[in-house]
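Take a look at the letters that make up each chain.
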Amino acid sequence: MYGAQLMEALHRRDPRIEFFGVGGERMRAAGCDTVVDAKDLSVVGITEILSHLPKIYSLYQQLLKEADQRKPDLAIVIDSPAFNWRVARQMKKRGIPVIYYVAPQFWAWRQGRVRLLRDHIDKALVIFPFEEKFYRDRGVDATFIGHPLADLPQPAITRNEYATQFHVDAAKQWITIMPGSRRKEVIMNLPTILEAATHLGPEYEFLLPVAPTLDRSLIERLIGRNKITLVPESLPALRHSRAGVIASGTATVEAAMMHTPFVMVYRVSPLSYMLGKPRVKVPHFAMVNLIAGKQIVPELVQQDFTAQNVVSSVNDILADGPARDRMIEALAAVKQELQASDDSGDTPALRPAERATEIILLMATRLPKDG
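Source: prediction; values computed, not measured.

Here is what the cut-offs are and how they apply
- Residues numbered from 1 in each chain as written.
- Predicted model: local features only at pLDDT ≥ 70, side-chain atom pairs only at ≥ 80, totals over all residues.
- Heavy atoms only, no water.
- Pairing = 2+ DSSP bridges.
- Helix = DSSP H or I, 4+ residues; strand = E, 2+ residues; numbered from the N terminus.
- Axes fitted to C-alpha atoms, helices over the stretch in contact; angles between N-to-C directions.
- Buried < 20%, exposed > 50% of the residue type's maximum accessible area, 1.4 Å probe, protein only.
- Contact = heavy atoms within 4.5 Å.
- Salt bridge = Lys/Arg side-chain N within 4 Å of Asp/Glu carboxyl O.
- Phe/Tyr/Trp six-rings, centres within 6.5 Å; stacked < 30°, edge-to-face > 60°.
- Lys NZ or Arg CZ within 6 Å of the ring centre and 35° of its normal.
- Parallel < 35°, antiparallel > 145°, perpendicular 65-115°, else oblique.
- Left-handed = near helix turned anticlockwise from the far one by under 90°.
- Nonpolar A, V, L, I, M, F, W, Y, C, P; charged D, E, K, R; others polar.

Examining the sheet that holds strand β9 (residues 229-231)
With parallel pairing, 6 strands are arranged side by side in an open sheet as β9-β8-β7-β10-β11-β12. The two strands at the open ends of the sheet, each matched to only one other strand, are β9 and β12 (299-301). This sheet shows a mean twist of 20 degrees between the axes of neighbouring strands, independent of strand direction. Bridging between strand β10 (residues 243-247) and strand β11 (residues 262-266) involves 4 bridges; their strand directions are parallel. Among the inter-strand pairings, isoleucine 246 is bridged to a residue of β11, identified as methionine 264.

Structural data, given as structure tokens:
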């Protein structure tokens, strides 16, 4: 989504720009020639990635070969640090300037790896306000441009229209469940969420937005006979839901942008957790809690992620009252933090993709004329 937004903003400024690389449906629709499908890189976990390494390495080599043939003027890598810092290194070796859009979360763990950015990229465009100082203090040229989700408009569809379209009972309260955007995440997270949904009962409607990186049939198999409504997009579901049960990741920011109270959940394999936990350098897992500097949403991770705990935490925010009001107010403050203001401190003059475009095109003007 971020890549597509950026491509569209760049095309508005210069329709002659051509794109190729790694992407999914949205980037293809925006005009990217996807040499590698992003689905094939959607692997999470330390141990889980091992079995996929041969395929990922093959795709990496395929991308480099394409770059050698096409000789791009500029490389923009987005998130996915395990793959992209290697791409950045190879582009840098070839004399191609590199911009990192949505920089790796090295502040969360493996902080020593910041040197990879310092050595192999020319500019970092960061989407969380605390990242600019973190990276600049470590010698990386970084600029906070705002979070791409912070300026998304509220969905236009009304709750009644949505209920009619997806055959959902508008008289009931809705709960959006988002188990993750990768296959392994869904397998690890969804069964416990479904168990919690069963305990919460049939007086609620449960909506599950299917991420474009997932095979819908996998979701359907895991759901079985559970009464869950599969929908194509997350933002309308979140906007019209009373609460959410959200796997750690970008979806937690989406929920915050829609002002939807939620409970964060996450689970990886026991070995991945054992190996990864000691390396974590931050006090919270949920991005909204990190931005707020305190816990504003419950975090149920690993052994704490049980159906009983999910039910208890969801019940706390379903009813009107101080707990729900405090969370909604805190989520609104997080949204404000994620909006990069102009010099006057007022409403942002440019959206994040447009801010990124300004910086990218400025870098492009410095390229050799025959580049």
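Comments concerning the side chain of threonine 260
With respect to the element layout, threonine 260 can be found in the loop between α11 (250-257) and β11. Its relative accessible area of 1% is what places threonine 260 among the buried residues. In contact with threonine 260, not counting residues within four places along its chain, are Leu238, Arg239, Ser241, Arg242, Ala243, Gly244, Ala255 and Leu331.

Looking at the environment of isoleucine 317
For isoleucine 317, the location among the structural elements is in helix α14 (residues 307-318). Considering only alpha carbons, one finds isoleucine 317 and glycine 244, 73 residues apart in sequence, at a separation of 9.6 Å. If near-sequence neighbours (up to four positions away) are discounted, isoleucine 317 is found in contact with Ala243, Pro261, Phe262, Val263, Arg324 and Met327.

Here we look at the pattern of salt bridges
This model, assessed by the stated rule, comprises 14 salt bridges. The salt bridge involving arginine 13 is made with glutamate 358; its shortest N-O contact spans 2.8 Å. Here glutamate 358 lies in helix α16 (residues 352-365) and arginine 13 lies in helix α1 (residues 2-13), a separation of 345 residues in the sequence. Residue glutamate 358 is classed as partly exposed on the basis of its relative accessible area of 38%. Close ionic contact of arginine 136 with glutamate 132 constitutes a salt bridge, the shortest N to O distance being 3.9 Å. Residue arginine 136 and its partner glutamate 132 are both found in helix α6 (residues 129-137); the two are separated by 4 residues, about one turn of the helix. Relative accessible area serves as the criterion here: at 45%, arginine 136 is assigned to the partly exposed category. Using a relative accessible area of 22% as the deciding quantity, one classes glutamate 132 as partly exposed.

A word on α11
Within α11, 7 of the 8 residues are buried, leaving the element largely enclosed by the surrounding structure. In this structure, the buried residues of α11 make contact with β7 (173-178), α10 (234-239), β10, β11, α13 (287-292) and α15 (322-337).

With respect to the packing of aromatic side chains
Throughout the structure, instances matching the rule amount to 6 aromatic pairs. Relative to tryptophan 174, the ring of tyrosine 162 lies with its centre 5.8 Å away and its plane at 40 degrees, an arrangement referred to as tilted. With tyrosine 162 in helix α7 (residues 159-166) and tryptophan 174 in strand β7, the pair connects residues that are 12 residues apart, well separated along the chain. Overall, the relative accessible area of 2% leaves tyrosine 162 in the buried class. Grouping aromatic residues by their ring pairs yields a cluster made of Tyr57, Tyr60 and Phe83. Note that arginine 70 overlies the ring of phenylalanine 20, its terminal NZ or CZ placed 4.6 Å from the centroid. Over the aromatic face of tryptophan 174 sits the side chain of arginine 159, whose NZ or CZ is 3.9 Å from the ring centroid.

Section: the packing of helix α8 (residues 183-200) against helix α9 (residues 216-223)
Relative to each other, α8 and α9 sit at 30 degrees, their axes nearing to 10 Å. In terms of their interaxial angle, α8 and α9 are classed as roughly parallel. The handedness of the crossing between α8 and α9 is right-handed. Where α8 abuts α9, its residues Arg183, Val186, Ile187, Leu190 and Leu194 lie against Leu218, Ile219, Arg221, Leu222 and Ile223. Grouping the amino acids of the contact of α8 with α9 by side-chain chemistry returns 8 nonpolar, no polar and 2 charged.

Quick word on the environment of methionine 1
For methionine 1, the position within the fold is in the segment before α1. Using a relative accessible area of 30% as the deciding quantity, one classes methionine 1 as partly exposed. Between the alpha carbons of methionine 1 and glycine 24 there is a distance of 8.7 Å; along the sequence they are 23 residues apart. When residues no more than four places from it in sequence are discounted, the contact partners of methionine 1 are Arg26 and Leu149.

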